[in-house]
Amino acid sequence: MTIPRLEKLVAQMRDTYSRGPGINDLQDALPDRESVAKVCTRVLAILFPGFFTAERISKTELDTHTMSQLMDLQSLLLDQVARALRYSARVAGKAKPANLVEHTRGMVLEQLDLLAHVRELVSTDVEAAFNNDPAALDRETIVLSYPSIEALAVQRFAHGLYRAGIPIIPRMMTEVAHSHTGIDIHPGATIDESFFIDHGTGVVIGETCTIGKRCVLYHGVTLGAWNPIGAKDENGDLKRGSSNKRHPDLEDKVTVYPGATILGGDTKIGHHSIIGGNVWLTHSVEPYTLVTIKDPELMIRKRKVQPSMRVSSRIKKA
Amino acid sequence: MTIPRLEKLVAQMRDTYSRGPGINDLQDALPDRESVAKVCTRVLAILFPGFFTAERISKTELDTHTMSQLMDLQSLLLDQVARALRYSARVAGKAKPANLVEHTRGMVLEQLDLLAHVRELVSTDVEAAFNNDPAALDRETIVLSYPSIEALAVQRFAHGLYRAGIPIIPRMMTEVAHSHTGIDIHPGATIDESFFIDHGTGVVIGETCTIGKRCVLYHGVTLGAWNPIGAKDENGDLKRGSSNKRHPDLEDKVTVYPGATILGGDTKIGHHSIIGGNVWLTHSVEPYTLVTIKDPELMIRKRKVQPSMRVSSRIKKA
Amino acid sequence: MTIPRLEKLVAQMRDTYSRGPGINDLQDALPDRESVAKVCTRVLAILFPGFFTAERISKTELDTHTMSQLMDLQSLLLDQVARALRYSARVAGKAKPANLVEHTRGMVLEQLDLLAHVRELVSTDVEAAFNNDPAALDRETIVLSYPSIEALAVQRFAHGLYRAGIPIIPRMMTEVAHSHTGIDIHPGATIDESFFIDHGTGVVIGETCTIGKRCVLYHGVTLGAWNPIGAKDENGDLKRGSSNKRHPDLEDKVTVYPGATILGGDTKIGHHSIIGGNVWLTHSVEPYTLVTIKDPELMIRKRKVQPSMRVSSRIKKA
């Protein structure tokens, strides 16, 4: 009784697959989430050998280990990037790129070549965490337990792919990191050295942000767009991608405290500025500026002491 | 020396198991998290073949693939739902449901029959993401990398189970999605087509919410309850579940910007309304309303330029 | 062509490994994330047999099951804790601890002995969830689906390790839970019985917090530090660790609603107090106090009805 019913359902699903997003089949193969998650795992294993996985590495075999990880990463990227390029050409109405395999190999090798640079940059992020967090006792513990290191390591590598024009994969990579850390950094964001994000949950950094050296963000900070829904081209279509500058710039040594929101593509925060908790800022400020909000007035009252009191104001629960 | 000490500890643990929540043993078997996580994985694999897992699917074998996934999903659900029904009857002091196996099979098949409908709904969510996000270049990328698609696909399927009265499993499913995405949607929430949640971290949507067509939420939005602690029945017990309407309604085409909070079971947001960032709203508004908060006054000062300055106001760190 | 290029890259990576954080090699072995994630899984499996994993347990074999889990957990901890102790001694410039193996075994057994106590405490947390959440229909469902139970179970066990002076591992454990739940509780925080965190995403609880009995927090609450950047010792170095009291104390039966921020090591919230949503509080309050903020003024306007309207105020998007 069950099988015929399931067969009917198979036919219904087949019918829905012809509408909405297509399926990811062999002939029109797209990237997939599971493989891109493995890309992230390999990148972290190469940047910080032995920190993220339980494998045992001896110093005498370190090169062998690195080579093995690199070959795995290369193999994953060759497959996933070729899929992304082919799909992207199809969506744009272009022919399949000529020499796709050779073209992909060249792009992937260029990205692998950037790994040493990414490692140097993320090492400055580790140092920045150490210099900013009184709970941090040493650098290795930061790599082992701070979510911002995972988020930044993945974003910095994905940013290379983004700049090289590799479609889809960079965004998938930063979403893997977002899922693990609660930190949502678009791969398009340009982030200079020594960046620290404390706690991190709820942080959003948009595609066209630039962030200078030695900046610090706390949890719940949004570096976002102002009124993007209104940003349409002459045909009424949304302006898409990096050509539409819509997120703010932070110069060097800017600190943004929890829950603050900074919006707009013309908004520039001058160097050495401090943006206080919960500030909502949509215009530029000069270097060495301290922006705080006037504290909302608190109402402090004595509770009536009774077991089932009804609370009258400003209290919520979902 | 170690073993006797561990044996003593085993005895201590056995003792604690008799208090607090019971154990999940074979005779009184409850659902378990690992199996329900697999349910979510299967649902996503059926809704979007090849997007979430690395399996290779050819179009000629698509039906075979779908059937295989459906049979796995059915098998997982038959086991987990039967456990939930049996446990739930026991908690309610009722006898084990008669014909539990047949009863469960009927319920599970009804839910599987809804999969094509869920696919249609989630396809409208993909389209809504495409229409609202300037960073989105195509629809397939949205399925591959937007957390709201995973959260909504799982919630929409779980909502079917919730409506059918299947206990425990629906909430477990949406918590799997919450863990992956930071988006916490109760399976009881009734959500119409073309819903988009951007970024998503920190979004909370309560059990008795209703959301109309083409609504948009940003990260950090709460659609919550007002003063639920006070909502008790005549015996002083909490009123539990869906009969206690305590979360708001959004009509069609409502947009809610980041950090806004809308509370209360009598609160209805009229269609085509826009609720601005950080708004706190506990009453209804008419259609076509724009609600914003008067910007808190900013205090903008020049920082003294010295290396170890003490910051004096509105700055926090955890 | 590829291999020589990869070999060059291997050499570059080897070069970067000599700067920044070291590698985790066999001779100087550090803990690793994968093993510590397994520690968390084992702890949850022992505290709540059958809830988190799909294993089938029969009551007659419960002791065997518990013993097997305990031996696995012991073995993982012996390895990881020894690594942490050895590394920590090295960082502090001390010799490798004498009798490291015996010393570690003693510490680990002491921690295992605390498991029954942790189970009792977390059972009070389950009861607290049941008493506070109208959506909760029974206690077992809370263990199966509430993120706060996972976060608290892991933190309460990790807190034992923290108090015993075991380095690195406790913080790694709470970060595993943070990644799964969005709830970031430092292992140093001292939390009394019957604690409930609803939804949880974005909650941050700092290292030197103390929390009394029967407290309740909602999502997005920060119990944080005030101006820690200024807290330096006479040498200009950050004051680090638990000796630097910088986070608040909550006495018994305090409730803190979503988005509220309470800061500072001298801030004490008196028992039976209620802190309303979005409150920003940096000073102590007496017992039985209700603190709310004066609602920010709302601006409610009729939207012009036109398809491509530009929204003018207080609206953001990232």
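Procedures and definitions
- Residues numbered from 1 in each chain as written.
- Chains lettered and ligands numbered in written order.
- Predicted model: local features only at pLDDT ≥ 70, side-chain atom pairs only at ≥ 80, totals over all residues.
- Heavy atoms only, no water.
- Pairing = 2+ DSSP bridges.
- Helix = DSSP H or I, 4+ residues; strand = E, 2+ residues; numbered from the N terminus.
- Contact = heavy atoms within 4.5 Å.
- Salt bridge = Lys/Arg side-chain N within 4 Å of Asp/Glu carboxyl O.
- Nonpolar A, V, L, I, M, F, W, Y, C, P; charged D, E, K, R; others polar.
- Least-squares fit on C-alpha atoms with pLDDT ≥ 70 in both.
- Phe/Tyr/Trp six-rings, centres within 6.5 Å; stacked < 30°, edge-to-face > 60°.
- Buried < 20%, exposed > 50% of the residue type's maximum accessible area, 1.4 Å probe, protein only.
- Lys NZ or Arg CZ within 6 Å of the ring centre and 35° of its normal.
- Polar contact = N/O pair within 3.5 Å; in protein donor to acceptor, adjacent residues only side chain to side chain.
- pLDDT = per-residue confidence, 0-100.
- Buried area = accessible area lost by both parts, 1.4 Å probe.
- Core = buried A, V, L, I, M, F, W, Y, C linked by side-chain atoms within 4.5 Å.

1. Regarding the sheet that holds strand 12 (residues 274–275) of chain C
Phase 1: Across the sheet, which stays open at both edges, the six strands sit in the order 15(A)-14(C)-12(C)-9(C)-6(C)-3(C) with mixed pairing between neighbours. Two strands lie at the open edges of the sheet, namely strand 15 (298–302) of chain A together with strand 3 (196–197) of chain C, each paired on one side alone.
Phase 2: Where strand 15 of chain A meets strand 14 (residues 289–293) of chain C, five bridges bridge the pair, whose relative direction is antiparallel. Looking across to strand 14 of chain C, one finds that Ile300 of chain A is bridged to Val291 of chain C.

2. Considerations on the interface of chain B and chain C
Phase 1: Counting residues at the interface gives 92 residues for chain B and 87 residues for chain C.
Phase 2: Taken together, chain B and chain C are joined by six salt bridges.
Phase 3: Here Arg5 of chain B ties to Asp113 of chain C by a salt bridge, and the two come within 2.9 Å at their closest N and O atoms.
Phase 4: For the side of chain B that touches chain C, the elements supplying multiple residues, two or more each, are helix 1 (2–17), helix 2 (33–47), helix 3 (62–91), helix 8 (169–181), strand 13 (280–281), strand 14 (289–293) and strand 16 (316–317) of chain B.
Phase 5: Broken down by element, the side of chain B that touches chain C gets its largest block of residues, twelve residues, from helix 1 of chain B.
Phase 6: Along the lines of polarity and charge, the residues of the side of chain B that touches chain C split into 37 nonpolar, 29 polar and 26 charged.

3. Points about the relation of the copies chain B and chain C
Both copies of the chain are related by a screw-like operation: a rotation about an axis and a shift along it.
Phase 1: Of the two same-sequence chains, chain B is brought onto chain C (RMSD 0.0 Å, axial shift 0.0 Å) by a rotation of 120°. Such values leave the two copies arranged in the relation of a three-fold axis.

4. Considerations on the packing of aromatic side chains
Phase 1: Applying the stated criterion to the full structure yields twelve aromatic pairs over all chains.
Phase 2: Between Phe48 of chain A and Phe52 of chain A, the ring centres sit 6.5 Å apart and the planes meet at 35°, which makes this aromatic pair tilted.
Phase 3: Ring geometry for Phe48 of chain B and Phe51 of chain B: centres 6.1 Å apart, planes at 70°, overall edge-to-face. The exposure classification of Phe48 of chain B matches that of Phe51 of chain B, with both residues buried.
Phase 4: An aromatic cluster is defined as three or more aromatic residues linked by ring pairs; in this entry it consists of Phe48, Phe51 and Phe52 of chain A.
Phase 5: Just above the ring of Phe130 of chain A sits the side chain of Arg139 of chain A; from NZ or CZ to the centre is 4.1 Å.

5. What about the sheet that holds strand 6 (residues 216–217) of chain B?
Phase 1: One open sheet holds the six strands; their spatial order is 3(B)-6(B)-9(B)-12(B)-14(B)-15(C), and the pairing between them is mixed. Sheet topology places strand 3 (196–197) of chain B together with strand 15 (298–302) of chain C at the edges, where each strand pairs with a single neighbour.
Phase 2: Summarising the sheet, strand 6 of chain B and strand 9 (residues 255–256) of chain B pair through two bridges and their orientation is parallel. Its bridge partner lying in strand 9 of chain B, Val216 of chain B is registered against Thr255 of chain B.

6. Considerations on the environment of Asp252 of chain B
Phase 1: Along the chain, Asp252 of chain B falls in the loop between strand 8 (249–250) and strand 9.
Phase 2: There is a polar contact of 2.8 Å between the side chain of Asp252 of chain B and the backbone nitrogen of Lys213 of chain B.

7. Describing the confidence of the model for chain A
Residues and elements named next belong to chain A.
Phase 1: Residues of chain A with pLDDT of at least 70 account for 91%, and the chain-wide mean is 90.
Phase 2: For residues 307–313, every residue scores under 50 in pLDDT, and the model assigns this stretch 13 contacts once sequence neighbours within four places are set aside.
Phase 3: ipTM for the predicted complex: 0.92, alongside a pTM of 0.93.

8. Observations regarding the interface of chain A and chain B
Phase 1: Taken together, the contact pairs 93 residues of chain A with 87 residues of chain B.
Phase 2: For the chain A and chain B pair, buried surface summed over both sides reaches about 8,200 Å², with 59% attributable to carbon and sulfur atoms.
Phase 3: Here Asp79 of chain A makes a salt bridge to Arg56 of chain B, at a shortest N to O gap of 3.3 Å.
Phase 4: Of all elements in the fold, only helix 1 (2–17), helix 2 (33–47), helix 3 (62–91), helix 8 (169–181), strand 13 (280–281), strand 14 (289–293) and strand 16 (316–317) of chain A reach the threshold of two or more residues within the side of chain A that touches chain B.
Phase 5: Among the elements that make up the side of chain A that touches chain B, the one with the highest residue count is helix 1 of chain A (twelve residues).
Phase 6: Broken down by class, the residue content of the side of chain A that touches chain B amounts to 37 nonpolar, 30 polar and 26 charged.

9. Quick notes on the nonpolar core
Phase 1: The biggest cluster of nonpolar side chains holds 200 residues, and the ones touching the most others in it are Leu115 and Met173 of chain A, Leu115 and Met173 of chain B together with Leu115 and Met173 of chain C.
Phase 2: The element contributing the most residues to this core is helix 3 (residues 62–91) of chain C, with twelve residues.
Phase 3: What Met173 of chain A contacts, discounting residues up to four positions off in sequence, is Val36, Val39, Cys40, Val43, Val154, Phe157, Ala158 and Leu161 of chain A.

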